[in-house]
Amino acid sequence: MLAFRFAPRGISHTPITRRSFATSATKEVKDVKEVKEVPTAAAGNKKKDKFTIGKDGKIKVEFGVNPYKSYKMDAPAPVATTSKEELLKFFRDMTLWRRVEIAADNLYKAKHVRGFLHLYNGQEAIVAGYEAALTKDDHVITAYRDHANFMGRGGSPFEVISELIGKAGGCSAGKGGSMHFYKRDANFHGGNGIVGAQVPIGAGVAFALKYQQKPNVCIAMYGDGAANQGQNYEAFNMAALWKLPVIFVCENNKYGMGTSAERSSANTEYYTRGDAVPGIKIDAMNVLSVKAGFEYAKQHALTKGPLIVEAETYRYMGHSMSDPGLAYRTRDEVAAIKADRDPIDKVKFYLLENKLSTEEELKEIEKEIKKEVDEAQKKAMEGDWPEIKELYNNVYTEKGYYVRHTNLEDSVVVE
Amino acid sequence: MENNKVRWLKMKWEQIYWEEQPKKMNLFTAINDAMDIALTTNPKAVLFGEDVAFGGVFRCATGLREKHGSSRVFNTPLCEQGIAGFAIGMAAQGATPIAEIQFADYIFPAFDQIVNEAAKYRYRSGNEFNVAGLTFRAPYGAVGHGGHYHSQSPEAYFCHTPGLKVVVPRSPVQAKGLLLASIRDPNPVIFLEPKWLYRSSIEQVPVEDYEIELGKAEVIKNGEDVTIVGWGAQLLVLEQAITMAEEKLGITCELIDLKTLLPLDIDTIIKSVKKTGKLLISHEAPKTGGLAGEIAAQIQEKAFLHLEAPIARVCGYDTPFPLIFERFYFPDALKNFEAIQKLVEYDFSK
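Definitions and cut-offs
- Residues numbered from 1 in each chain as written.
- Chains lettered and ligands numbered in written order.
- Predicted model: local features only at pLDDT ≥ 70, side-chain atom pairs only at ≥ 80, totals over all residues.
- Heavy atoms only, no water.
- Helix = DSSP H or I, 4+ residues; strand = E, 2+ residues; numbered from the N terminus.
- Rg over C-alpha atoms; globule rule 2.2 N^0.38 Å.
- Contact = heavy atoms within 4.5 Å.
- Areas by Shrake-Rupley, 256 points an atom, 1.4 Å probe, with all protein chains shown as cover.
- Buried < 20%, exposed > 50% of the residue type's maximum accessible area, 1.4 Å probe, protein only.
- Salt bridge = Lys/Arg side-chain N within 4 Å of Asp/Glu carboxyl O.
- Pairing = 2+ DSSP bridges.
- Axes fitted to C-alpha atoms, helices over the stretch in contact; angles between N-to-C directions.
- Parallel < 35°, antiparallel > 145°, perpendicular 65-115°, else oblique.
- Left-handed = near helix turned anticlockwise from the far one by under 90°.
- Buried area = accessible area lost by both parts, 1.4 Å probe.
- Polar contact = N/O pair within 3.5 Å; in protein donor to acceptor, adjacent residues only side chain to side chain.
- Nonpolar A, V, L, I, M, F, W, Y, C, P; charged D, E, K, R; others polar.
- Expected span 1.5 Å × (residues − 1).
- Arc of directions from axis to C-beta.
- pLDDT = per-residue confidence, 0-100.
- Core = buried A, V, L, I, M, F, W, Y, C linked by side-chain atoms within 4.5 Å.
- Patch = residues over 30% accessible without salt bridge, like charges linked within 9 Å, V, L, I, M, F, W, Y side chains within 5 Å.
- Phe/Tyr/Trp six-rings, centres within 6.5 Å; stacked < 30°, edge-to-face > 60°.
- Lys NZ or Arg CZ within 6 Å of the ring centre and 35° of its normal.

Asker: Mind showing me how you'd approach the overall build of chain B here?
Answerer: Looking only at helices and strands, chain B has 13 helices and 16 strands in total. In terms of overall size, chain B behaves like a compact globule, its C-alpha atoms giving a radius of gyration of 20 Å where 350 residues would be expected to give roughly 20 Å. Principal-axis analysis of the C-alpha atoms gives chain B an extent of 65 × 45 × 45 Å. In chain B, of all internal contacts separated by at least 6 residues, the share reaching a separation of at least 24 is 81%. Counting only carbon and sulfur atoms, one obtains 52% of the accessible surface of chain B, whose full area is about 13,600 Å².

Asker: Looking at this structure, how should I read the overall build of chain A?
Answerer: If you tally the helices and strands in chain A, you get 13 helices and 13 strands. A buried classification covers 58% of the 415 residues belonging to chain A. For chain A, the proportion of contacts with a sequence separation of at least 24, taken over those separated by at least 6, is 71%. If you sum the accessible surface of chain A, you get close to 18,000 Å²; carbon and sulfur atoms cover 53% of it.

Asker: Would you mind going over the pattern of salt bridges with me for this structure?
Answerer: Any two side chains of opposite charge can pair, so long as their charged atoms come close to each other. Summed over the entire model, instances satisfying the criterion amount to 41 salt bridges over all chains. For Asp185 of chain A, the salt bridge goes to Lys183 of chain A, with nearest N and O atoms at 3.5 Å. You can call Asp185 of chain A exposed: its relative accessible area is 63%. Taking the relative accessible area as the measure of exposure, Lys183 of chain A reaches 16% and is therefore buried. In this structure, the salt-bridge partner of Lys278 of chain B is Glu308 of chain B, at a minimum N-O distance of 3.3 Å. Placement of Lys278 of chain B in the loop between helix H10 (266-276) and strand E15 (279-286) and of Glu308 of chain B in the loop between helix H11 (291-302) and strand E16 (312-316) is noted, with a sequence separation of 30 residues between them. Judged by relative accessible area, Lys278 of chain B falls into the buried class, the value being 12%. Here the residues in one salt-bridge network are Lys254, Asp283, Glu312 and Arg341 of chain A, joined through shared partners.

Asker: What is the right way to read the sheet that holds strand E1 (residues 50-53) of chain A from this model?
Answerer: Pairing between sheet strands relies on hydrogen bonds along the backbone, with the strands arranged either parallel or antiparallel. All names here are of chain A. On the basis of which strands lie adjacent, the open sheet formed by three strands has the order E1-E2-E4 and antiparallel pairing. At either margin of the open sheet sits one strand with a lone partner, and together these are E1 and strand E4 (79-83). Each neighbouring strand pair of the sheet contributes to a mean axis angle of 25 degrees, computed without reference to strand direction. Direction of pairing for strand E2 (residues 58-62) relative to E4: antiparallel, over a ladder of five bridges. Note on E4: the bridge partner recorded for Lys58 is Ser83. Along the sheet, helix H3 (residues 84-109) makes contact with E1, E2 and E4, crossing E4 at roughly 90 degrees.

Asker: What's the story with the packing of helix H1 (residues 27-41) of chain B against helix H7 (residues 172-184) of chain B in this structure? I'm lost.
Answerer: Describing two packed helices takes the angle between their axes plus the distance from one axis to the other. Residue and element names in this part refer to chain B. Two elements in contact, H1 and H7, have axes separated by 8 Å at closest approach and are oriented at 30 degrees. On the basis of the axis angle, H1 is roughly parallel to H7. Regarding H1 and H7, the two cross each other, and that crossing is right-handed. Contact residues: H1 offers Leu27, Ala30, Ile31, Asp33, Ala34, Met35, Ile37, Ala38 and Thr41, while H7 offers Pro172, Ala175, Lys176, Leu179, Leu180, Ile183 and Arg184.

Asker: What is the right way to look at the sheet that holds strand E8 (residues 189-194) of chain B in this model?
Answerer: Residue and element names in this part refer to chain B. Taking strand neighbours across the sheet as the criterion, the seven strands line up as E4-E3-E5-E6-E8-E7-E14 in an open arrangement whose pairing is mixed. With one partner strand each, in any of the chains shown, strand E4 (73-75) and strand E14 (260-262) form the two edges of the open sheet. Averaged over all neighbouring strand pairs, the angle between strand axes comes to 20 degrees, with direction disregarded. The pairing of strand E7 (residues 165-167) with E8 spans three bridges and is parallel. Counterpart to Val167 in the pairing with E8 is Phe191. Of the strands in this sheet, strand E5 (96-100), strand E6 (135-140), E7 and E8 are in contact with H7, which crosses E8 at around 160 degrees.

Asker: Sorry, what's going on with unusual backbone geometry here?
Answerer: Of note, the amide linkage connecting Gly190 of chain A to Gly191 of chain A takes the cis form, showing an omega dihedral of 25 degrees. If you trace the backbone, Gly191 of chain A turns up in the loop between helix H6 (157-165) and helix H7 (198-211). Here the bond from Leu262 of chain B into Pro263 of chain B is cis, since omega is 0 degrees, no more than 30 degrees from zero. Position of Pro263 of chain B among the secondary structure elements: in the loop between E14 and H10.

Asker: Please explain the interface of chain A and chain B as it appears in this structure.
Answerer: By convention, interface size is frequently given as the accessible area that disappears when the constituent parts associate. Contacts between the two partners involve 49 residues from chain A, matched on the other side by 47 residues from chain B. Note on chain A versus chain B: buried area summed over both sides is about 4,400 Å², and carbon and sulfur give 67% of it. The tally of links from chain A across to chain B stands at zero salt bridges. Summed over the shared surface of chain A and chain B, the number is six residue pairs in polar contact (both at pLDDT 80 or more). For the side of chain A that touches chain B, the leading source of residues is helix H1 (residues 15-21) of chain A, giving three residues. For the side of chain A that touches chain B, the residue count by class is 21 nonpolar, 21 polar and seven charged.

Asker: Honestly, helix H9 (residues 234-249) of chain B in this entry has me stumped. Any pointers?
Answerer: Residues and elements named next belong to chain B. Between its terminal C-alpha atoms H9 stretches 21 Å, which fits the 22 Å expected from 16 residues at 1.5 Å a residue. Burial in H9 covers these residues: Gln234, Leu235, Val237, Leu238, Ala241, Ile242 and Ala245. All buried residues of H9 fall inside an arc of 145 degrees around its axis, so they share one side. Tucked inside the fold, the buried residues of H9 contact strand E11 (218-221), strand E12 (226-230), strand E13 (253-257), E15 and helix H13 (333-345).

Asker: Even after reading the chapter, I still don't get the environment of Trp385 of chain A, so can you show me in this structure?
Answerer: Counting through the fold element by element, Trp385 of chain A comes out in the loop between helix H13 (359-381) and strand E12 (402-403). In the structure, Trp385 of chain A is positioned 220 residues away from Ile165 of chain A in sequence and 9.2 Å away in space, judged by C-alpha atoms. Leaving out residues up to four positions away in the same chain, Trp385 of chain A has contacts with Ile165, Gly166, Lys167 and Ala168 of chain A together with Ile324 of chain B.

Asker: What exactly am I supposed to notice about the confidence of the model for chain A here?
Answerer: Interpreting fine coordinate detail is not advised for predicted regions of low pLDDT. Averaged over chain A, the pLDDT score is 86; the fraction of residues at 70 or greater is 88%. Here residues 1-45 of chain A is a poorly scored stretch, pLDDT under 50, and it has 89 contacts once near neighbours within four places are set aside; other chains count.

Asker: Even after reading the chapter, I still don't get the nonpolar core, so can you show me in this structure?
Answerer: As a rule of thumb, nonpolar side chains are buried together in soluble globular proteins. Ranked by size, the top nonpolar core spans 127 residues in total, and within it Ile228, Trp231, Leu258, Ile269, Leu280, Ile295 and Ile299 of chain B carry the most contacts. Sort the elements by how many residues they give to this core and H1 of chain B lands first, with nine residues. Ignoring any residue separated from it by four or fewer positions in sequence, one finds Leu258 of chain B in contact with Lys216, Ala217, Val229, Gly230, Trp231, Leu264, Ile269 and Ile295 of chain B. Core analysis: the next-biggest nonpolar cluster, separate from the first, contains 70 residues, Phe90, Ile126, Phe181 and Ile280 of chain A among them.

Asker: Is there a simple way to think about H10 of chain B in this case?
Answerer: Helical periodicity: at 3.6 residues per turn, an α-helix aligns residues three or four positions apart in one direction. All names here are of chain B. Turning to H10, its buried residues are Ile266, Thr268, Ile269, Ile270, Ser272, Val273 and Thr276. Each element contacted by the buried residues of H10 is listed here: E11, E12, E13, E15 and H11. Remark: Gly277 follows H10 within two positions and exhibits a positive phi of approximately 85 degrees.

Asker: Can you help me understand a nonpolar patch on the surface in this one?
Answerer: Taken together, the side chains of Phe207, Tyr211, Leu241 and Trp242 of chain A make up a nonpolar region of the molecular surface, amounting to roughly 510 Å² of accessible area. Among the structural elements, Tyr211 of chain A can be located in helix H7.

Asker: Before we go on, may I ask you to explain the packing of aromatic side chains in this structure?
Answerer: Describing an aromatic ring pair means giving the distance of the ring centres and the angle of the ring planes. Tallied over the entire structure, the rule returns 26 aromatic pairs over all chains. When the ring of Phe111 of chain B is compared with that of Tyr157 of chain B, the centres are 6.1 Å apart and the planes differ by 85 degrees; the resulting orientation is edge-to-face. Of this pair, Phe111 of chain B sits in helix H4 (residues 111-118) while Tyr157 of chain B sits in helix H6 (residues 155-159), and the two are 46 residues apart along the sequence. Judged by relative accessible area, which is 47%, Tyr157 of chain B ranks as partly exposed. Counting every residue linked through ring pairs, the aromatic cluster contains Phe116 of chain A together with Phe58, Phe103, Tyr106 and Tyr198 of chain B. Between Lys167 of chain A and the ring centre of Trp385 of chain A, over which it is positioned, the NZ or CZ distance is 4.2 Å. Directly above the ring of Phe337 of chain B sits Lys248 of chain B, whose terminal nitrogen or CZ lies 5.6 Å from the centroid.

Structure below.
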């Protein structure tokens with residue numbers, strides 16, 4: 001076989017090209033529209049979030065600055081409820097997912113993971129938040145940046161890493177790879193490579209839930225780039241027409257691969273693009289804002305009909321491993337958001353500020369997680385490859401169908 | 001369209017006298033050069049697609065926006081059906097749009113527009129309207145780790161649609177000439193570029209404006225014993241198989257590059273099969289419904305009595321393009337060598 005390699009880090013530009021299309025080096029973060037509108041609760045000169053800790057351990061959080069906006073519906077109240085255990089769980093889960101993404105990054109660079117890898121660093125709060133608001137009887141479908149969604153639904157780091165490497169222990173038996181994680185028993189429908197394809201599918205899942213009279217919703221997630229796909233609008237129309245219990249989530253991380261939202265969309269207020277489908281906008285760098293937003297959205301979807309939730313977030317890494325993520329934005333922009341609005345640091349701040357935990361306890365958790373991920377990685381690397389018959393297995397359900405090889409003698413009948 | 005600077009490649013290109021020194025280029029540079037020439041010579045030509053403004057994910061459009069302006073080279077949002085429909089509308093008004101689909105795997109939302117609108121435009125309007133200037137470009141084919149949605153070869157779906165032309169180059173020299181011919185051809189053309197070869201295929205490419213004729217296959221290697229047909233990146237695999245076969249079986253093989261898949265140049269293949277009596281066709285796309293079946297059917301119709309063995313088709317399995325199993329799925333040089341061996345050793349007296 002010829003030795004060829006599709007270079008994973010293919011994109012680099014002459015300085016002239018970079019200056020023409022990306023934010024220039026002198027442009028600062030405050031010029032980016034979306035960041036300006038949504039407040040940062042961690043900065044000292046903004047109104048702080050007020051924590052009221054009840055005697056029974058229940059915590060009520062009043063957001064210092066309202067993180068919600070709405071379109072054709074009432075916005076949720078800027079209040080969230082949580083508890084110490086929940087905040088620790090958020091911290092633990094998000095740190096775990098961040099660690100797994102870092103491990104996947106290293107594995108890709110070491111060429112153990114091939115294909116395409118899209119990392120979720122920076123966006124973990126969305127998954128942590130909606131998992132707290134929903135149950136495993138609610139359904140989730142998303143696009144290809146799905147590692148955290150899978151783990152949020154109950155997947156383990158071992159299954160994630162095995163699937164990335166392509167071992168049989170992976171969640172899709174090694175046949176899907178990074179973009180196709182599924183979990184049937186947790187109602188996670190993946191994992192879709194074609195941009196926008198998952199949105200009408202999500203509407204269909206919601207229709208089935210309504211038909212089966214289940215008190216559950218389906219979350220159909222897509223990005224700011226996918227918001228311009230035609231099939232989304234077909235799905236919005238059907239959902240509004242038939243009052244489907246679907247929550248359309250637009251994860252607006254400001255860039256559709258290399259194209260900023262302003263350059264691709266005539267209307268960048270993605271929560272308003274549903275027309276007959278109302279929408280809310282949440283600050284998805286703050287996990288409590290996400291949790292309260294989704295609790296409200298689930299109630300709305302079950303009683304009043306579909307809605308769009310625009311989760312305003314940011315990704316630190318490039319679109320995928322072949323994109324360094326710097327041709328269209330500056331390092332300063334990424335660093336500023338990391339310093340100011342990182343979701344994991346936000347939860348840490350909440351825990352420490354309100355004396356719910358100590359530095360040592362959190363460091364312990366981080367150490368445990370690193371150990372857990374390292375062990376999962378080791379175990380995954382030692383796992384078995386899928387059997388060769390998996391190549392032609394599960395194309396259809398019937399057994400005895402004929403898969404044609406290059407010649408008649410080697411063609412196989414599937415048993 | 002004016003093409004008084006074009007030199008038609010009627011003979012092997014080495015024999016033509018080029019005024020300027022040819023330049024070493026790889027596939028994406030050659031395609032970039034072709035589009036540059038197209039945009040320079042035709043003021044109605046425009047290039048658009050996802051992320052082409054900074055040069056495109058495969059750098060085929062590098063520098064074009066700076067040179068020709070942002071109103072002629074621009075990004076579209078993420079909407080293939082929109083891109084296709086938009087391109088068809090522009091072409092119907094006489095423009096020469098070059099619409100880039102980022103990966104051939106993403107061409108399916110645009111399938112309706114291409115098959116139902118572009119292919120039938122001239123026919124259904126009784127030649128009142130046409131989309132002559134329309135060209136779609138898409139990278140296709142296996143790349144070693146592309147998986148389900150970055151490796152597909154959709155040529156068979158489009159070869160099944162009268163009204164379209166489907167063109168696949170094998171190297172930088174061919175790509176530049178074929179792309180210029182496709183852009184200037186007064187019919188809608190789907191130009192599929194083998195993404196595996198974007199960087200790795202390097203040749204001395206003439207810097208002038210030249211075209212290579214569409215609708216004509218080329219015999220790139222002469223032989224007496226077996227005819228082998230392929231296109232695009234698969235030809236490199238076939239060359240390896242031929243080297244093995246010639247060494248070990250003591251035969252000579254004739255290799256044909258189809259170049260244009262639709263309309264199919266069956267006469268070149270018939271001429272070759274009448275000489276050799278044995279035919280092998282190889283492509284990456286799944287076997288059932290693949291183009292090899294069409295070629296085999298036409299050959300057995302027209303050269304039945306010249307065949308000395310059943311026609312061999314070495315193609316991908318009838319499964320979705322796998323990720324981890326790509327090495328097993330791919331019709332590689334060994335599979336092709338075995339097929340050649342079977343052809344040569346076939347004893348029709350048994």
